[in-house]
Amino acid sequence: MDGPVYLYALARQIQKHSRFFAVLESLDNGKPIRESRDIDVPLVARHFYHHAGWAQLMEQELPGRVPVGVIGQIIPWNFPLLMLAWKIAPALAMGNTVVLKPAEFTSLTALRFAELCQEIELPPGVINIVTGDGRAGAAIVNHPDVDKIAFTGSTEVGRIIRTATAGSGKKLSLELGGKSPFIVFPDADLDSVVEGVVDAIWFNQGQVCCAGSRILAQEGVAGRLVAKLKARMETLRVGEPTRQGGGHGCHHRSGPAGEDPGAGPARRGRGRPAVATVVELSAGGWFFPPTLFTEVSPAATIAQVEIFARW
């Protein structure tokens, strides 16, 4: 029954240091402090509590199940600490050991979590945090002693991992890119639609695997919807992520925007709207503001490919 004890201890330590984790996550990732403080970190603690309960019930609810072994886990930079919890908590609850590689851009909260593991005296080797770029991830994927790979990231890298593990006997789970549609019918309440779009695409700066990154609107309401969205975008606050009033924080790196000549960008900011530029705010700093493209061809890159803006 040691597993539940350690999981409960980790949950309590995360709650105890929740403010520090929230600030560290926002400094490292660029997400608004209110999101890391009020959403991410509380969910991390709840996730460890939840799987501590499952660890206690494993023999009763999952009879005959045995641990997989060594789990290699590779996570992205959009939810560094929460993604760590999603990966580590269930693996540890079921009796596995973990080698986790955080994104090379956002490893601070993972390293602090490793210190928590030492503070609760988790046995050495049960959870291992390995930092580095794609070469470190490839070493985990190809290591003969790793029994399963759990990867969250781009579809392109997911294909590479699938090829590398084929025939190896390793178990594999992949959570890859998405291009989720937001469908609007003519009888929809457009004001509610606008707020739904704001939550679907501009939460966490749009850096969400299941973000509603496409709007498919009935022609009869498309014009009014675009007008309402433009007006709402003017009220979205963009600024330094650790400030209490900040709404839309920093993007982690500027990725390919997939600009299409037939698409018309409409967004906040100074000067002529352009896909690949950022704006300087009066409060200081350079930010990529919320952006809406209209009349996009179905063949355009931004209509087909998940585009995470990373600074």
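What counts and what doesn't
- Residues numbered from 1 in each chain as written.
- Predicted model: local features only at pLDDT ≥ 70, side-chain atom pairs only at ≥ 80, totals over all residues.
- Heavy atoms only, no water.
- Helix = DSSP H or I, 4+ residues; strand = E, 2+ residues; numbered from the N terminus.
- Contact = heavy atoms within 4.5 Å.
- Areas by Shrake-Rupley, 256 points an atom, 1.4 Å probe, with all protein chains shown as cover.
- Buried < 20%, exposed > 50% of the residue type's maximum accessible area, 1.4 Å probe, protein only.
- Pairing = 2+ DSSP bridges.
- Right-handed = clockwise from strand over helix to strand, strands pointing away.
- Core = buried A, V, L, I, M, F, W, Y, C linked by side-chain atoms within 4.5 Å.
- Axes fitted to C-alpha atoms, helices over the stretch in contact; angles between N-to-C directions.
- Phe/Tyr/Trp six-rings, centres within 6.5 Å; stacked < 30°, edge-to-face > 60°.
- Arc of directions from axis to C-beta.
- Patch = residues over 30% accessible without salt bridge, like charges linked within 9 Å, V, L, I, M, F, W, Y side chains within 5 Å.
- Salt bridge = Lys/Arg side-chain N within 4 Å of Asp/Glu carboxyl O.
- Parallel < 35°, antiparallel > 145°, perpendicular 65-115°, else oblique.
- Left-handed = near helix turned anticlockwise from the far one by under 90°.
- Nonpolar A, V, L, I, M, F, W, Y, C, P; charged D, E, K, R; others polar.

Q: Please clarify how the overall build of the protein should be interpreted in this entry.
A: Regarding its fold elements, the protein presents 10 helices and 11 strands. Sequence separation of at least 24 residues holds for 74% of the intrachain contacts in the protein that already meet a minimum separation of 6. Counting only carbon and sulfur atoms, one obtains 54% of the accessible surface of the protein, whose full area is about 15,600 Å².

Q: Help me out: how do you make sense of the environment of Gly137 in this one?
A: Mapped onto the fold, Gly137 is located in helix α6 (residues 134-142). Residue Gly137 is classed as buried on the basis of its relative accessible area of 5%. For the pair Gly137 and Ile161, spaced 24 residues apart in sequence, the C-alpha to C-alpha distance is 9.5 Å. Beyond its immediate stretch of four places on either side in the chain, Gly137 contacts Ile74 and Lys101.

Q: Just to check I follow, could you spell out the pairing of strand β1 (residues 70-74) for this structure?
A: Residues in a regular strand project their side chains so that they alternate between the two faces of the sheet. Taking burial as the measure, the five residues of β1 include four buried ones, the bulk of the element. Pairing of β1 with strand β2 (residues 97-101), which is carried by five bridges, proceeds in the parallel orientation. Each residue of the ladder has a partner; that of Val70, found in β2, is Thr97. The parallel pair β1 and β2 is bridged by helix α4 (residues 80-93), and the resulting crossover is right-handed. Direction of pairing for β1 relative to strand β4 (residues 148-152): parallel, over a ladder of four bridges. Bridge pairing links Gly72 to Ile149 in β4.

Q: Would you mind showing me how to read the nonpolar core here?
A: Within soluble globular proteins, side chains that are nonpolar tend to cluster in buried spots. Formed by 56 residues in total, the largest nonpolar core has its most connected members in Leu10, Ile14, Phe48, Leu84, Ile88, Phe113 and Ile127. If sequence neighbours within four positions are ignored, Leu10 has contacts with Phe48, Leu92, Phe113, Leu116, Cys117 and Ile120. Membership of the second largest hydrophobic core comes to eight residues, among which are Val99, Val146, Ile149 and Phe151.

Q: Sorry, what's going on with the sheet that holds β2 here?
A: Across a sheet, strands are paired by hydrogen bonds formed along the backbone, either parallel or antiparallel in direction. Read across the sheet, five strands follow the order β3-β2-β1-β4-β5 without closing on themselves; strand pairing throughout is parallel. Lying at the two open borders of the sheet, with one neighbouring strand each, are β3 (127-129) and β5 (171-175). Strand after strand, the sheet turns through a mean of 15° between neighbouring axes, direction not considered. Where helix α7 (residues 155-165) meets the sheet, it contacts β4 and β5, and its direction lies at approximately 175° from that of β5.

Q: How should I be thinking about the packing of aromatic side chains in this particular structure?
A: One pass over the structure, following the stated rule, counts three aromatic pairs. Seen from their ring centres, Tyr8 and Tyr49 are 6.1 Å apart, and the 50° between their planes marks the pair as tilted. One end of the pair, Tyr8, is in helix α1 (residues 2-16); the other, Tyr49, is in helix α3 (residues 33-61), with 41 residues separating them in the sequence. With centroids separated by 6.5 Å and ring planes inclined at 40°, the aromatic side chains of Phe79 and Trp86 adopt a geometry described as tilted. The exposure class assigned to Phe79 is buried, which follows from its relative accessible area of 7%.

Q: Hey, could you run me through α7 in this one?
A: Since there are 3.6 residues in each turn of an α-helix, residues three or four apart along the chain are aligned in direction. Where α7 is concerned, the buried positions are Gly158, Ile161 and Thr165. Along the axis of α7, the buried residues cluster in a sector spanning 60°; they form a single face. Looking at α7, the residues exposed on the side facing more than 90 degrees away from the buried face are Glu156, Arg159, Ile160 and Thr163. Among the structural elements, α6, β4 and β5 are those in contact with the buried residues of α7. Of the residues one or two after α7, Gly167 is the one with positive phi, at around 80°.

Q: How should a nonpolar patch on the surface be read in this particular structure?
A: A cluster of nonpolar residues, Ile183, Phe185 and Leu216, forms a patch on the protein surface that exposes about 300 Å² of accessible area. Within the element layout of this structure, Ile183 appears in strand β6 (residues 180-184).

Q: How do you make sense of the packing of helix α8 (residues 190-201) against helix α9 (residues 219-233) when you look at a structure like this?
A: Working note: a packed helix pair is described by the angle between its axes plus the distance between those axes. Where α8 meets α9, the axes come as close as 10 Å, and the angle between the chain directions of the two elements is 55°. The angle between α8 and α9 falls in the class oblique. Crossing geometry of α8 relative to α9 is assigned as right-handed. Seen from α8, the contacting residues are Leu190, Asp191, Val193, Val194, Glu195, Val197 and Val198; seen from α9, they are Val221, Arg224, Leu225, Lys228, Leu229 and Arg232. Residues of the contact of α8 with α9, tallied by class, amount to eight nonpolar, no polar and five charged.

Q: Whenever I open this one, the side chain of His51 confuses me. Can you help?
A: Relative to the helices and strands, His51 is located in helix α3. For His51, a relative accessible area of 12% puts it in the buried group. If we skip the residues at most four places from it in the chain, His51 touches Leu7, Ala89, Pro90 and Ala93.

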